[in-house]
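Overview (structure and organization)
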Amino acid sequence: MNAPHPRPRPPLQRRATPSRYSIWRLLREGLGGHRGWSRAWAKASPRPRYRVVIVGGGGHGLSTAFHLAAEHGITDVAVLERGPLGLGNVGRNTTIIRSNYFHPDNIRFYELSLRLWERLERELNFNAMVSQRGTLNLFHTEAQRDLFTRRANQMRLLGVDAEAVGPAEVRRLVPLADLDNGRYPVLGGFLQRRGGTVRHDAVAWGYARAASAAGVDIVEHCEVKGLAVTHGRVSGVETSGGFIAADTVCLAVAGHSSVLAATAELKLPIESHVLQAFVSEPVKPVLDVVLTYGAGHFYVSQSDKGGLVFGGAIDGYNTYGQRGTLPMAEEVAAAAVTLLPALARLKVLRQWGGVMDMTMDGSPIISKTNIEGLILNGGWCYGGFKAIPAGGLTTAHLIAHGVPHPAAAHLDLGRFAAGCTVDERGIGPFPYLH
Amino acid sequence: MLRIPCPWCGLRDESEFRYRGDATRRRPAAEAGIDAFNAYVYERDNPRDWHSEWWLHVAGCRRLLKVVRHTLTHEIRSVEPGADPQGAERSR
């Protein structure tokens, strides 16, 4: 048998195409001591000019880049990220996916996202640990039950799964919950079985790998300092590594949209707020749905490592500090032990904060701006994670075709001046209350 | 945890206060037009810098305070009695 003939070295490619991940590959690499794995995405250094520059290598930026390449064949694209990938909000959320909204346009948008989550791993050839374990929202009063039932009916009219369940079913699903609390007894729940969780880091890595393989440059440690605008048209971005010219610039920097927009003298209907999240010490499986409390702001799921991942509402005043303050931590902990008294003895392992774009109606923005060539993907409030696939798909559509994707047309910036806000909870223009 | 020096009650914890948003906005004249009202109702500077904002001391003197606070460090530079109820948001 001939010794394997060394193949002529192929001309230096801009990037090595990662080979497919599969069980066979895993076995083969395992036999080789796992020394054969290559980088998941190429470490690109930026070129001086691109057709599209995406600012922000978070979930939405990477998803937009992937969809631009995969669906529109636009690969002259750079994603600029100021740190390493995955350390922004894509790695700071509580990983919940669901489409149980009330406004029909929102239901359609988030349902598109949920359907994309369902095929994400096949599409990206990446294990993102998509787990459709169900999301269960509890209700504690008759008025709340009517509201949730109305929401469930609204969803079912649009062909989305939702069901109301009684206390017996809640007890079966969550044996840990105290249903007979004297003040807030649980009357039932609103269940979306297709909701669940996704491993958030894997979402960033999977999209980055797929986008990079398709030819997108993913540039880490490149901070965008400002937007360059000439005669009302965006011409590029000033970065820590110099100027990069672009025909289209897409902002995907939720939390800091206002800061970058201000460099182009653009004011947005956004305030920045901090949302905290918490992880407990790991315990044996105790909770196999995503559970939300109806008598306070609290949501919890159990990670595969065993830690309970939970959070509550935003701290409630403008901030860019990626940390939280104690009053909200106390409120979340109080809600946690009211609903799940057994948690009282659990220790919190980690606590952190992420900065959110809170919009004036609580709904996101995927839109052109009054600066030609500048596209905004932002205003995700604290629901950006679940929207990553649909946010990227619809933003890519807007960049490629110049018109909004039908599923995201209601998220245009013009809705505020036109009086067509998408205010899910009917709160009004008070971001700190959304 | 913020501690806000209320001119009437002294240094108090943030949990005694209710946030009421950006204190720099001024209601335009009635005939100012849609763009002026859109800017007033919806658009915000949202600076990563010093921010002038309303706080209502709900669990204290129930007065409206105008606080200048840094949105990154949370340092409070000045607190003065809020004399301009016209600019404050009166929701719930």
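1. Some words on the overall build of chain B
Helix and strand counts for chain B come out as one helix and six strands. Counting from the amino terminus, helix and strand elements in chain B follow one another as β-β-β-α-β-β-β. Expressed as a percentage of the 92 residues in chain B, the buried residues total 29%.

2. Overview of the overall build of chain A
Assigned secondary structure in chain A consists of 10 helices and 18 strands. Expected size for 434 residues packed as a compact globule is a radius of gyration near 22 Å; at 22 Å, chain A falls within 12% of this value. The principal-axis extent of the C-alpha atoms belonging to chain A is close to 75 × 65 × 40 Å. Here chain A holds 434 residues, and 50% of them are scored as buried. When contacts within chain A are restricted to residue pairs at least 6 apart in sequence, long-range pairs at least 24 apart make up 74% of them.

3. Here's the deal with the confidence of the model for chain A
Confidence in the prediction for chain A averages 94 pLDDT; 96% of positions are at 70 or higher. Counting interchain partners and residues more than four positions distant, the pLDDT-below-50 stretch residues 1-14 of chain A has zero contacts.

4. Here's the deal with the interface of chain B and chain A
Tallying the contact residues gives 22 residues for chain B and 24 residues for chain A. Going through the elements one at a time, β3 (18-22), α1 (34-42) and β4 (50-56) of chain B are the ones with two or more residues in the side of chain B that touches chain A. Residue contributions to the side of chain B that touches chain A peak at four residues, all from α1(B). Grouping the constituent residues of the side of chain B that touches chain A by class yields seven nonpolar, eight polar and seven charged.

5. What to know about the sheet that holds strand β13 (residues 290-293) of chain A
Residues and elements named next belong to chain A. Spatially, β5-β6-β4-β13-β14-β15-β12-β16 is the arrangement adopted by the eight strands of the open sheet, whose pairing is mixed. With partners counted over all chains shown, the strands left at the sheet margins are β5 (163-165) and β16 (348-359), one partner each. Strand after strand, the sheet turns through a mean of 25° between neighbouring axes, direction not considered. Lying on the sheet, helix α8 (residues 326-339) is in contact with β12 (270-280), β13, β14 (298-302), β15 (308-314) and β16; it crosses β15 at an angle near 125°.

6. What about the domain arrangement of chain A?
Residue and element names in this part refer to chain A. Here the domain parsing of chain A yields domain 1 (49-91 + 201-268 + 361-433) and domain 2 (131-195 + 272-359). Using only C-alpha atoms to locate each centre, domain 1 and domain 2 end up separated by 29 Å. Taken together, the 18 residues of domain 1 in the interface contact 12 residues of domain 2. Class assignment of the residues belonging to the side of domain 1 that touches domain 2 gives a composition of eight nonpolar, nine polar and one charged.

7. Looking at the environment of B:Arg77
All names here are of chain B. Considering the arrangement of structural elements, one finds Arg77 in strand β6 (residues 76-81). With 11 C-beta atoms packed within 10 Å, Arg77 lands in the exposed category. For the pair Arg77 and Trp8, spaced 69 residues apart in sequence, the C-alpha separation works out to 17 Å.

8. Topic: the pairing of strand β4 (residues 135-139) of chain A
Residues and elements named next belong to chain A. Counting buried positions along β4 gives five out of five residues, so the element sits mostly inside the fold. Burial along β4 is two-sided: Thr135, Asn137 and Phe139 and Leu136 and Leu138, pointing in opposite directions, are all buried. As judged from the three bridges shared by β4 and β13, these two strands associate in the parallel manner. Paired with Asn137 across the strands is Thr292, a residue of β13.

9. Let's talk about the environment of A:Val309
Residues and elements named next belong to chain A. Of note, Val309 is situated in strand β15. Since 23 C-beta atoms lie within 10 Å of it, Val309 is described here as buried. As a C-alpha pair, Val309 and Ser19 span 290 residues in sequence and 33 Å in three-dimensional space. Non-local contacts of Val309, meaning those with residues more than four positions away in its chain, are made with Thr94, Thr95, Ala277, Val279, Val300, Ser301 and Ser303.

The rules behind these values
Residues numbered from 1 in each chain as written. Chains lettered and ligands numbered in written order. Predicted model: local features only at pLDDT ≥ 70, side-chain atom pairs only at ≥ 80, totals over all residues. Helix = DSSP H or I, 4+ residues; strand = E, 2+ residues; numbered from the N terminus. Buried ≥ 20, exposed ≤ 12 C-beta atoms within 10 Å, placed from the backbone. Rg over C-alpha atoms; globule rule 2.2 N^0.38 Å. Contact = placed C-beta atoms within 7 Å. pLDDT = per-residue confidence, 0-100. Nonpolar A, V, L, I, M, F, W, Y, C, P; charged D, E, K, R; others polar. Pairing = 2+ DSSP bridges. Axes fitted to C-alpha atoms, helices over the stretch in contact; angles between N-to-C directions. Domains from an automatic or database assignment.

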